[in-house]
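Chain residues, written in single-letter form:
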Amino acid sequence: MSASLFHHDERFRNPDERDAWAQAEALLEQARAMMREAENALNMWKTGKEMNRLRCERRGIGTTDAEIRWSASTAAKNAITNNNFYVSLASMYYGAAAANYSRALYLHTSRSARA
C-alpha cells in the first residue's frame, strides 16, 4: 500500500471515515497501476517507432517516410489507443480517490465540529 498524506488510523476514528480513506487509498493504487500500463504502452510505441526507423534505414527509406509508415501501422495505432485508454482510466481512478479523500475529511471535520 502507498504512503498516504495522513495515517488514517491516527487521524480517523469513525468507521465511515476510515472506510472512505481506505477506499481512496485502494483507488489511488488502481490509478497508479493504470498509469504504469499507460507508460508501458507509450514505451511500446517508442520502441516500435525506433525499430521501424532502423528497418527503413536499412532498406534506404528516409526518416519522414519511415515515420509515415509507422504512424499508419496497426502496432502504432494500438499502442496509442492503449495509452489513451489507460490514461483515461487513471484519471477516473484519481478523481474517485480524490472524492473519497474529500469524503473522509468532510466526515472527520463535520463530526469534529459537532463535538
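Residues numbered from 1 in each chain as written. Predicted model: local features only at pLDDT ≥ 70, side-chain atom pairs only at ≥ 80, totals over all residues. Heavy atoms only, no water.

When you go through the protein chain residue by residue, the secondary structure sums to four helices and zero strands. Expressed as a percentage of the 115 residues in the protein chain, the buried residues total 28%. For the protein chain, the share of sequence-separated contacts (at least 6 apart) that also reach a separation of at least 24 residues comes to 73%. Total accessible area on the protein chain is roughly 7,700 Å²; 54% of this is exposed by carbon and sulfur atoms. (Helix = DSSP H or I, 4+ residues; strand = E, 2+ residues; numbered from the N terminus. Buried < 20%, exposed > 50% of the residue type's maximum accessible area, 1.4 Å probe, protein only. Contact = heavy atoms within 4.5 Å. Areas by Shrake-Rupley, 256 points an atom, 1.4 Å probe, with all protein chains shown as cover.)

For the rest of this paragraph, the subject is the side chain of S110. On the secondary structure map, S110 appears in helix 4 (residues 74-114). For S110, a relative accessible area of 14% corresponds to the buried category. At a separation of 3.2 Å, a polar atom in the side chain of S110 contacts the main-chain carbonyl oxygen of L107. (Polar contact = N/O pair within 3.5 Å; in protein donor to acceptor, adjacent residues only side chain to side chain.)

On the secondary structure map, H108 appears in helix 4. Judged by relative accessible area, H108 falls into the buried class, the value being 19%. Here the side chain of H108 touches E17 through a polar contact of 3.3 Å, side chain to side chain.

Feature annotation in UniProt assigns "coiled-coil region" (unreviewed entry) to the following positions: residues 21-48. Each end of residues 21-48 is marked by a C-alpha atom, and these two atoms are 41 Å apart; helix forms 100% of the span and strand 0%. (UniProt positions renumbered as here; feature names shortened; annotations may be inferred.)

A word on the packing of aromatic side chains. Tallying each qualifying case throughout the model produces two aromatic pairs. For the pair W21 and Y101, a centre-to-centre distance of 4.6 Å together with 65° between the ring planes defines the contact as edge-to-face. Of the two residues, W21 is situated in helix 2 (residues 15-58) and Y101 in helix 4; the sequence distance between them amounts to 80 residues. Residue class for W21 comes out buried when judged on its relative accessible area of 2%. (Phe/Tyr/Trp six-rings, centres within 6.5 Å; stacked < 30°, edge-to-face > 60°.)

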